[in-house]
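Observations on chain architecture
Here are the chains, one letter per residue:
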Amino acid sequence: NPLAPLRNALHLLQLPELQADMIGKAYEIMDRQLHQMVRLVDDLMDVSRITRGKIDLSFESIELQKAIDNAIETTKPFIEQRNHIIKNAIPKKPIIVRADIVRLSQVLSNLLNNAAKYTDPGGVITISIDAVEGMAITTITDTGLGISKEKLPEIFDLFMQIDSTLTRSHGGLGIGLTLAKNLIEMQGGSIEASSEGLNKGSSFVIRLPLIEPEDVEDSEEEIQKNLQTSNPLRILVVDDNEASARTLGWMLEMFGHEIIL
């Protein structure tokens, strides 16, 4: 599905009489569909890695809200496109977990994307986090399609789809929740789904072991601050894909660095 609009947009851009506003729209379509295709391929590759035991996680002490903020930032364009309201209940005190922030953000993004996809325009998506009995609990609730009692026990199965017609229209493969379950369990946590039935919304709860704030190591912001430099760098770009190497080199040059391909 993503390839068809990409090809159409490329053909449009080759037309000499194409108006400026259509050029902008064509670029938007290409960018959106490319992100969709990358997400699909990434999910497939991750499922393959998990089944072969090839995924390595980078654990660090993180504030749970930061992973949620990352996920909201990633899914915000789609949520706004669907005209949803997102409510994020931020706790008064930081809730700290030991996790892979990239993979945790990926799981949360997947859940938010599903909530937006399976909720009619103008719906409400609520995110809350809490600490209960040594566990950090993240709950994502929507007012959408819901899950039938028959499909609820199978919701985390590979290639499981709540509504195949709707899923196809958004390019889903039915592997996102399987991936989410495996990634959360690899981080010592659990994930469960609940719903009162079709058209009654759904709720996903993630539980991760809680750690005390005094056990937190240097924050990612402090680490990045120490690594930052204002001096231009000489960067060697190595890639067996020449087009990828050159475009990456061009971007780095725009930031003032010297590039060697």
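Everything below is about the structure shown above.
I will try to describe carefully the structure that is included in this document. The shown structure was predicted, so the numbers you read here are calculated from the model rather than taken from an experiment. (Residues numbered from 1 in each chain as written. Predicted model: local features only at pLDDT ≥ 70, side-chain atom pairs only at ≥ 80, totals over all residues. Heavy atoms only, no water.)

1. Thoughts on the overall build of the protein chain
The number of helices and strands found in the protein chain is eight helices and nine strands. Expressed as a percentage of contacts within the protein chain between residues at least 6 apart in sequence, the contacts between residues at least 24 apart total 71%. Taken as a whole, the protein chain presents about 16,000 Å² of accessible surface, with 54% of it coming from carbon and sulfur. (Helix = DSSP H or I, 4+ residues; strand = E, 2+ residues; numbered from the N terminus. Contact = heavy atoms within 4.5 Å. Areas by Shrake-Rupley, 256 points an atom, 1.4 Å probe, with all protein chains shown as cover.)

2. Observations concerning the packing of aromatic side chains
Evaluation of the coordinates by the stated rule reveals one aromatic pair. Centroid distance F156 to F204: 6.2 Å. Interplanar angle 90 degrees. Geometry classified as edge-to-face. Of this pair, F156 sits in the loop between strand 5 (135–142) and helix 5 (164–169) while F204 sits in strand 7 (residues 202–211), placing them 48 residues apart in sequence. A relative accessible area of 14% places F156 in the buried class. With relative accessibility at 9%, the residue F204 sits in the buried group. (Phe/Tyr/Trp six-rings, centres within 6.5 Å; stacked < 30°, edge-to-face > 60°. Buried < 20%, exposed > 50% of the residue type's maximum accessible area, 1.4 Å probe, protein only.)

3. Describing the nonpolar core
Judged by nonpolar contacts, the single largest core of 40 residues is most densely connected at L104, L108, L111 and I206. Elements with a contribution of two residues or more to this core: helix 3 (64–81), strand 3 (96–99), helix 4 (101–117), strand 4 (124–132), strand 5, helix 6 (176–186), strand 6 (190–194) and strand 7. When residues in this core are grouped by element, the largest group, eight residues, is from helix 4. The contact partners of L111, leaving out residues within four places of it in the chain, are I140, L177, I191, F204 and I206. (Core = buried A, V, L, I, M, F, W, Y, C linked by side-chain atoms within 4.5 Å.)

4. Topic: the pattern of salt bridges
For the coordinates displayed, the defined rule picks out five salt bridges. The partner of K76 in a salt bridge is E80, and the shortest N-O contact between them spans 3.9 Å. Note that K76 and E80 are positioned in helix 3 at a spacing of four residues, about one turn of the helix. Residue classification places K76 among the partly exposed residues on the basis of a relative accessible area of 44%. (Salt bridge = Lys/Arg side-chain N within 4 Å of Asp/Glu carboxyl O.)

5. Quick notes on helix 8 (residues 242–254)
In this model helix 8 runs 19 Å from its N-terminal to its C-terminal C-alpha over 13 residues, within 8% of the 18 Å that 1.5 Å per residue would give. For helix 8, the full list of buried residues reads A245, G249 and L252. Seen along its axis, helix 8 keeps its buried residues to an arc of 65 degrees; they face one direction. For helix 8, exposure combined with an orientation more than 90 degrees from the buried face picks out W250 and M254. Those residues of helix 8 that are buried lie in contact with strand 8 (234–236) and strand 9 (258–260). A side-chain oxygen of the first residue of helix 8 lies 3.1 Å from the backbone nitrogen of A243; this N-cap is N241. One or two residues past the end of helix 8 sits G256, with phi positive at roughly 95 degrees. (Expected span 1.5 Å × (residues − 1). Arc of directions from axis to C-beta. Polar contact = N/O pair within 3.5 Å; in protein donor to acceptor, adjacent residues only side chain to side chain.)

6. Observations regarding the side chain of S202
Structurally, S202 can be placed in strand 7. Note on S202: relative accessible area 9%, which makes it buried. A polar side-chain atom of S202 sits 2.9 Å from a polar atom in the side chain of D142. With residues up to four places along the chain from it excluded, the contact list for S202 reads I140, T141, D142, G146, I147, S194 and S195.

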